Amino acid sequence: MLVDDFDYHLPENLIAQKPLEERDTSRLMVLDGRDIIHKHFRDLENYMNKGDVLVVNNSRVIPARLRGRKSTGGKIEVLLIRELATGWECLLRGRAGAGSELFFDGNLKARVLERHNEMAVLSFNAGSGLRSIIESIGEVPTPPYIKTKLEDSERYQTIYSKYEGSVAAPTAGFHFSEKLLKKLKNKGVEIAEITLHVGPGTFMPVKVKQIEKHKMHSEFFTIEAGEAEKINLALEEGKGVVAVGTTSVRALESATGEGRVIPKSSYTDIFIYPGYKFKLEYMGMITNFHLPKSTLLMLVCAFEGKERIFRAYEEAIKQRYRFYSFGDAMLLLR
């Protein structure tokens, strides 16, 4: 299968540059059988019933982008990914090889231990105090296609975010408001919270021609026993399970055996593309509109069928839906 098979043209003015004032007023395209139905996200409650389970990713984005300089004065930019035994794995932009010293605000310094293309391992001088320094000098790393500065960094978080560790947001959850969640709970819909810390794979393009040769960056996830039981009980009782976002699907598929979700904490590099056989029986998935040739688009094509997804994208462009992180949403019903 070729990466170019997942390409499409999107007018630049349909890339959402900022979030809507009210989260649940975004549009919702519902794919139900052969039908394409145009709704708003607040209408989601009409598609879920008592006993159904909504699976959300409660990961929180860290202010992982650090802007600094080399000893020569040249600018560099660091995107923190995860802590290792020897330092921090990062994406590093700027000419700085192994042994280079980097300088940041707050008297923060780092030495480049390893450098492989854009990937690097940095050792910082702050020790256990690094987290608090990052909170004061770091920036929430919004995607490169968002050109306007985000006035409120909380709008690049879901309202149920809890555990820090992501470098990109699980954006399908942006559309939930406190009001909508309350309505769903009052209706008897269960909320199962899982955690998958989104890594830099969200930013990184697929560079191979054949998608089967692409290697996914690994991401850490946790599914607690109580949350797994909510999902398994719903399946046993014939209720529906709706996953919020591709990150929730990747975590669930990495922890499912014989049709049941197994409590687990681990890393996953699962790559889901058309032809993949899903392990869990889903009623549906909520997702945003994704970039051309991205692994996220490939996953939703695997979930719903490539022909149907591309037909829906054509309709979304025609109807001027808003695309990408701050854009509108889809509800894919199986």
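The rules we used
Residues numbered from 1 in each chain as written. Predicted model: local features only at pLDDT ≥ 70, side-chain atom pairs only at ≥ 80, totals over all residues. Heavy atoms only, no water. Phe/Tyr/Trp six-rings, centres within 6.5 Å; stacked < 30°, edge-to-face > 60°. Helix = DSSP H or I, 4+ residues; strand = E, 2+ residues; numbered from the N terminus. Buried < 20%, exposed > 50% of the residue type's maximum accessible area, 1.4 Å probe, protein only. Axes fitted to C-alpha atoms, helices over the stretch in contact; angles between N-to-C directions. Parallel < 35°, antiparallel > 145°, perpendicular 65-115°, else oblique. Left-handed = near helix turned anticlockwise from the far one by under 90°. Contact = heavy atoms within 4.5 Å. Nonpolar A, V, L, I, M, F, W, Y, C, P; charged D, E, K, R; others polar. 1 Å grid on protein atoms, 1.4 Å probe; cavity = no way out; pocket = protein on both sides within 12 Å on 5 of 7 lines; lining within 4 Å. Points joined across faces, edges and corners; volume = space filled by probe spheres on them. Core = buried A, V, L, I, M, F, W, Y, C linked by side-chain atoms within 4.5 Å. Pairing = 2+ DSSP bridges. Salt bridge = Lys/Arg side-chain N within 4 Å of Asp/Glu carboxyl O.

(A) The arrangement of the packing of aromatic side chains in detail. Summed over the entire model, instances satisfying the criterion amount to 21 aromatic pairs. Their ring planes at 85 degrees and their centres at 5.0 Å tell us that Phe 41 and Phe 176 sit as a pair that is edge-to-face. With a gap of 135 residues between them, Phe 41 in the loop between β2 (35-40) and β3 (53-57) and Phe 176 in the loop between β11 (163-166) and α2 (178-186) connect regions that are remote in the sequence. Judged by relative accessible area, Phe 41 falls into the buried class, the value being 0%. Here the aromatic rings of Phe 104 and Phe 124 are separated by 6.1 Å at their centres, their planes lie at 40 degrees, and the arrangement is tilted.

(B) Representation of the packing of helix α4 (residues 246-253) against helix α5 (residues 295-304) within the structure. Relative orientation of the contacting elements α4 and α5 amounts to 65 degrees, with a least axis distance of 10 Å. In terms of orientation, α4 and α5 fall into the roughly perpendicular class. The two elements α4 and α5 meet at a crossing, and its hand is left-handed. Contacts between α4 and α5 involve Thr 246, Val 249 and Arg 250 from the former and Leu 296, Leu 299 and Val 300 from the latter. Grouping the amino acids of the contact of α4 with α5 by side-chain chemistry returns 4 nonpolar, 1 polar and 1 charged.

(C) Structural view of the layout of surface pockets. Taken as a whole, the second largest pocket holds about 380 Å³ of empty space. Along its surface, the second largest pocket is lined by 20 residues, and Arg 65, Arg 67, Glu 139, Val 140 and Thr 142 are the ones closest to its centre. Listing elements by their share of the lining of the second largest pocket, those giving two or more residues are β5 (65-70), β6 (75-83) and β7 (88-93). Residue contributions to the lining of the second largest pocket peak at 3 residues, all from β6. Partitioned by chemical class, the residues of the lining of the second largest pocket number 9 nonpolar, 3 polar and 8 charged.

(D) Looking closely at α5. The buried fraction of α5 amounts to 9 of the 10 residues, a majority that puts the element mostly inside the structure. On the buried face of α5, the contacting elements are β1 (27-32), α4, β18 (284-288), α6 (306-318) and β19 (329-333). After α5 finishes, the residue Gly 305 shows a positive phi value of roughly 105 degrees.

(E) Just the nonpolar core, in detail. Core analysis: the largest hydrophobic core is formed by 64 residues, its most contacted members being Ile 223, Ile 231, Leu 252, Leu 297, Ile 309, Phe 323 and Met 330. Per-element accounting of this core gives the leading share, 7 residues, to α5. Every residue in contact with Ile 231, bar those within four places of it in the chain, is listed here: Val 53, Val 55, Ala 192, Val 241, Leu 252, Val 261 and Leu 280. Core analysis: the next-biggest nonpolar cluster, separate from the first, contains 26 residues, Leu 66, Leu 92, Leu 130 and Val 167 among them.

(F) Structural detail: the sheet that holds β19. The sheet built from 9 strands is open, its strands ordered β2-β1-β19-β18-β14-β3-β12-β13-β17 with mixed pairing. Strands with a single pairing partner mark the edges of an open sheet, and in this sheet they are β2 and β17 (264-268). Strand-to-strand twist across the sheet, computed as the mean angle between neighbouring axes with direction ignored, equals 20 degrees. Here 6 bridges tie β1 to β2, and the two strands are oriented antiparallel to one another. Looking across to β2, one finds that Val 30 is bridged to Ile 37. Its contacts with the sheet put helix α3 (residues 225-236) on β3, β12 (190-196), β13 (219-223) and β14 (241-244), and the angle it makes with β12 is roughly 130 degrees. In the packing of α4 onto the sheet, the strands contacted are β3, β12, β13, β14, β17 and β18, and the crossing angle to β12 comes to about 80 degrees.

(G) View of the pattern of salt bridges. Per the counting criterion, the structure on display carries 16 salt bridges. Taking the shortest distance from any N to any O, the salt bridge between Arg 250 and Glu 219 comes out at 2.2 Å. Here the residue Arg 250 occupies a position in helix α4, and Glu 219 occupies one in strand β13, the gap between them amounting to 31 residues. The class of Glu 219 is buried, set by a relative accessible area of 7%. Linked by salt bridges that have partners in common, Arg 65, Arg 67, Glu 77, Arg 93 and Glu 139 make up one network.

(H) Inspection of the pairing of β13 at higher detail. When you tally the buried positions in β13, you get 4 out of 5 residues, the bulk of the element. The pairing of β12 with β13 spans 2 bridges and is classified as antiparallel. Bridge pairing in β13 places Leu 196 opposite Phe 221. Sheet topology places β13 next to β17; 5 bridges connect them, and they run antiparallel.

Limitation: the analysis is restricted to geometry and does not speak to function.
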